[in-house]
Every structure is written in C-alpha cells, then in structure tokens.
Amino acid sequence: MAIILKEYRGHIRNWAELCEELGVSKELAPKDREKAIIVAAYEKWGRDIADHLYGMFAFAIEDGDKLFAVRDHFGTKPFYYYVTKDNKLLYGTFIKSILEGEGFEKKLNPKSLQLYMTLTYVAGEETFFEGVKKLMPGHYLEFVNGKLTVTRYWTPTFKPDESKSLEDWADEIHNTLASIMPQVKLPEETAESFLSGGVDSSYVLAMSDAQMTDSCGYDDERFDESPLAAKTAELLGRGFSRCRITPEMYFDAVPYVMKGMEQPLGDASAIVFAIGCKETAKHTKLCYSGEGSDEFFGGYNMYRNAERYGDNLKTFYVGNTNIMKEDEKKALLKNYVEGVLPIDLVKNIYEETEGLDPLTKMSDVDIQIWLEGDIYLNVDKMSEAAGLEIRMPLTDRRIFDIASRMPSRFKVNEEQNKVAFRTAAAKVLPEEIAFRKKLGFVVPIRYWMSDEKYNAPVKNMLFSETADKFFNADEVKKIWDEYVGGNSDLWRKIWTIYTFLVWYNEYFAD
C-alpha cells in the first residue's frame, strides 16, 4: 500500500545527506523535497525515522491501515491527538484542526487550570481541552484498527566526561555550531536575526549571514535591552531595527496571543515576542532565534543555587516557574481537586537522573517540561500566526550532545553561568558581550499592570462573570489590592489568572 504523508510541519537540516542516501532529487522545491525525504526515510527506517533526522519536525504518515506520527526530540513543533467516542483518531499540529473534527466534544479539562496556576504554562501531555493530548517530545504514536500506542524513542541522557578542559569544550561548541549553521537555511534564502542584549542571540548572529537584526524595546530604560542589541549589531556590521512596544500595544495584543497560542500561556514575554514577530514579518519571512542554550548549558541564574538545593530538588523543583503553592490555589479556586500536583509531572525525570548532580537534574526538568510547554510553544505559535518562519540553530541534538557530556562545573560556577558556552561565543564576540550578565527577556508589565492608565482590561476581567466561574472573588481582590498597593512581586499571580481568563473567553465564551 502507498505511504502517504498526511501532516508535516518543520525544517529538516540534514536534507542534503538524506537526499544522497535515500535517492531523493535535490532539484525538488524545498518543501516538496522534505516531504519526499520523510516518506523515503519512513520506508527505509520505519519507527526509527527520527533517529536519522536533524531539525524541527512533527508529522503523520498513513501506512495502509496504520497511522504513524512523530514529534522531534525537543518538541520544537507541536502535535496533538484525540480519540472520539466512536474510536476515530483526530490529530494535527494545531489544536484548532481537532476542534473542527467530526466527533470532537469540547470540554474544559479542569485539572489543567490547577497546574497552570503554579507553572504559568501547560506542562505534560494533557491540555486544557478534555481528551486532547500532546504527543510529547521524543515520542511517536501508532494508531491501528482503533488501538492507540504511544512510544518514547528518545530520552535525554547525561554522561559527564572529565577528560576535557574548558577550552576543549568551547572549541567543540564552536566547531559544531559552525557546521550546523549552513544547514539552518538554504543558500538562496535570506534570513534576519532576532537580537537582544544577551549572548545567545548575539552568538547566533555572529555565526550567521544575517544582515539585518530585529529587536524590541520600551521607553522605560530600566527594561530596554535594545541599546545593547544596537551596539552588538553595529560591532558586527549588521543592520538594526527596533520595535518600540507601548503599554497600549501590549495589552491590546493579549487576546490575539491567547487565541493564537491555543492554550493559555502566562509568560509575559510571549506578548512581546508576538508583537516582535508581526513587525519582523513585514520585511522578512525567515528569522534566526537563540533558544535552547540556557537549558542545555546552565544559563539561568537560579542554576547557581543547584548545589545548595541538593537532593531536596525532587520535592519542589518543577521547572523554571513555580508561582503558586497549593494552599494559595485552594483559597483561590472554587473547585480545587486534591492530588493534582505539579511535582507529579516531573517524578519520572528525577528517576531518570538519579545519581546525577543537582544542576543536571534542574536542566533536565527544564529541557523536558519548560522548553516544550513554554519556549517552543511560544516560538512556534506566534511565528506561525505572523507568517514568519523561525529557525533555532542552538536547538539541535548535536549541540545537546555536547551539553550532555559536559561536567556541570563548565556550565555554572560562583561568578558566571553558561561558562563554556560564553567562552565559545567569545571566539567571535567581544568579551563584554560574550560574558554580559544574563538579564532575561524583561518586560515592564509588573509596573504597567498596576497603572490605572492601562490596567482596566485586566481589572475588568479579574472581576468578571467569567472569573466568577473559577475563582473566589474575595481572594482575587486580596491579591489585586495588595499588588496595586505596591507589592509588585505579585504581578505574576495576577497575570497568570488574567491570561487564563482571556484564553477561556476566546475558546469557551458563549
């Protein structure tokens, strides 16, 4: 029977080698060529197909009476599925294609809200739609004669190699990235590059052929990284464009973002990223971005506390965000369900990393949960909504392979994070950029949202009929009053509740 590619989104980096090995014509148009590669690769390797692909991908293949679907190792592209009451499989790289499918019954998954209020994103295989599941990174599914099986084909593994020096590791990172960069785009394609004040995007830019950079900035200098980005672009002889984001632009974009995301996302930087994608798409359809290295190489400042946490990590560390404890959620939620705990999402990861050092455990949780649920979801959905294609050179199994063998002391020390990675970047960047302190993707939302000039949409939603379905108004008011009264640290809790409510209105409002 014919093998038919039913669904595909992504970009295969090692297409040239695969064309040679599989007998696929290099003269085909790029997307037709990639589709031909996937079909030929499946014919040759079957379930092991993902082992032979480098890049970003999620696809489904019809093979006679079997449907086979696979998601890439890190989950850069999403894949969702749903089994109807009459045992038909609905699937796709967008939830909306499932919502429109015959036999789909739309119901809210109440457990997801409880987890979301701690994590600020949707972690694990369940979604906010009852019965709709994510195919997790490094997994494939098969659906044959009404029977569904999901299999894990890849697990991040860490085996520290003590034989190399800092310079050895830096050389390996640099040489590997240099070999990957030509694969990230075709010679005839023209790409621009997102640029912040940080080392990741600066390093990608320096290693790329992008002649134009794209940044976001604010009028408030405390949060505006764009002057640092402009300086980097100038040093590297590249063009620079800046999108100035105002509070009005920011709040106006929230419904657009929540609808396009398909699931709520409480990451405040997602709104900025979405606006940046829309602006960038006005003058290019392809852009580089620097995601992946923080989780691989110890980029977050909190990783420097890893040794202090020790074995206690597995009792509380659920990833990059943890903003509400269970007692807070019990007070806020009208329907709190006992036993739905964020820590249960990561227990298997701690089992996989038993005996490894605390930094490795933290990194692995973030690689498996945070990257997929927040970072890659945001990049994929917002670029797609804007008509922009984003490629992430640092998210690659060959880069991760280096990180998986690198001892933690070359990732984080008392003074610095991402030590070896920064050392590699310093080969093509001035030291002041390569070793600049990590700022994160900062947004002035904590101040904007407390300002009466801008916060009416948030306040109105928090005390709406929609909010009353889920939350105890008195408890919400306590947090709101304390926040606008000056405790700006509460902004994340307010924002997480608000983004859920905006999303709910987009998908469930009558």
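Not measured: the values here are computed from a predicted model. (Residues numbered from 1 in each chain as written. Predicted model: local features only at pLDDT ≥ 70, side-chain atom pairs only at ≥ 80, totals over all residues. Heavy atoms only, no water.)

Participant: Report on the pattern of salt bridges, specifying residues and quantitative values.
Facilitator: What the rule picks out here adds up to 44 salt bridges. Its salt-bridge partner being Glu142, residue Lys66 comes within 3.2 Å of it at the nearest N-O pair. Residue Lys66 is found in strand β3 (residues 66-71), and its partner Glu142 is found in strand β7 (residues 139-144); the two are separated by 76 residues along the sequence. Classification of Glu142 as buried rests on a relative accessible area of 7%. As a salt-bridge pair, Asp481 and Lys477 come within 2.7 Å of each other at their nearest N and O atoms. Of this pair, Asp481 and Lys477 are both found in helix α21 (residues 473-484), 4 residues apart, which corresponds to roughly one turn of the helix. What emerges from the salt-bridge pattern is a single network uniting Arg9, Lys77, Asp380 and Glu384. (Salt bridge = Lys/Arg side-chain N within 4 Å of Asp/Glu carboxyl O. Helix = DSSP H or I, 4+ residues; strand = E, 2+ residues; numbered from the N terminus. Buried < 20%, exposed > 50% of the residue type's maximum accessible area, 1.4 Å probe, protein only.)

Participant: I'd like a description of the nonpolar core, backed by residues and values.
Facilitator: By size, the foremost hydrophobic cluster in this structure holds 166 residues, and its most contacted members are Phe59, Tyr250, Phe471, Trp495, Phe500 and Trp503. It is helix α14 (residues 358-386) that provides the largest number of residues to this core, a total of 13 residues. The residues contacting Phe500, other than those within four sequence positions of it, are Leu113, Tyr116, Phe128, Pro264, Phe470 and Phe471. (Core = buried A, V, L, I, M, F, W, Y, C linked by side-chain atoms within 4.5 Å. Contact = heavy atoms within 4.5 Å.)

Participant: Requested: an account of the layout of surface pockets, with residues and values cited.
Facilitator: As a volume, the second largest pocket reaches approximately 560 Å³. Forming the walls of the second largest pocket are 31 residues, and the residues nearest its centre are Gly124, Glu125, Met136, Leu345 and Ile369. The set of elements that each furnish at least two residues to the lining of the second largest pocket consists of α4 (110-119), α13 (347-352) and α14. Among the elements that line the lining of the second largest pocket, the one with the most residues is α4, at 4 residues. Of the residues contributing to the lining of the second largest pocket, the split by class is 17 nonpolar, 9 polar and 5 charged. (1 Å grid on protein atoms, 1.4 Å probe; cavity = no way out; pocket = protein on both sides within 12 Å on 5 of 7 lines; lining within 4 Å. Points joined across faces, edges and corners; volume = space filled by probe spheres on them. Nonpolar A, V, L, I, M, F, W, Y, C, P; charged D, E, K, R; others polar.)

Participant: Summarise unusual backbone geometry; cite the residues concerned and give the values.
Facilitator: Its identity as a non-glycine residue notwithstanding, Thr120 has a phi of 75°, on the positive side. If you trace the backbone, Thr120 turns up in the loop between α4 and β6 (133-134). Despite not being glycine, Glu262 shows a phi value in the positive range, around 70°. For Glu262, the position within the fold is in the loop between α8 (247-261) and α9 (269-280).

Participant: Any details on empty space enclosed by the protein? Residues and values, ideally.
Facilitator: Under the defined criterion, the tally for this structure stands at 4 cavities of 30 Å³ or more. Quantified by volume, the largest cavity comes out at close to 70 Å³. Looking at the largest cavity, the residues that line it are Arg71, Pro78, Tyr80, Val122, Lys134, Gln263, Glu372, Gly373 and Leu377. It is α14 that contributes the most residues to the lining of the largest cavity, 3 residues altogether. Looking at the second largest cavity, its volume works out to about 50 Å³. Around the second largest cavity, the lining residues are Leu53, Tyr54, Gly55, Phe57, Asp72, His73, Phe74, Thr395, Asp396 and Arg397. Of the residues contributing to the lining of the second largest cavity, the split by class is 4 nonpolar, 3 polar and 3 charged.

Participant: Any chance you could break down a nonpolar patch on the surface for me, citing the residues and the numbers?
Facilitator: Among the surface-exposed residues, Val83, Leu148 and Val150 lie close enough to one another that they form a single nonpolar patch of about 180 Å² accessible area. Looking at the element boundaries, Leu148 is found in strand β8 (residues 147-152). (Patch = residues over 30% accessible without salt bridge, like charges linked within 9 Å, V, L, I, M, F, W, Y side chains within 5 Å. Areas by Shrake-Rupley, 256 points an atom, 1.4 Å probe, with all protein chains shown as cover.)

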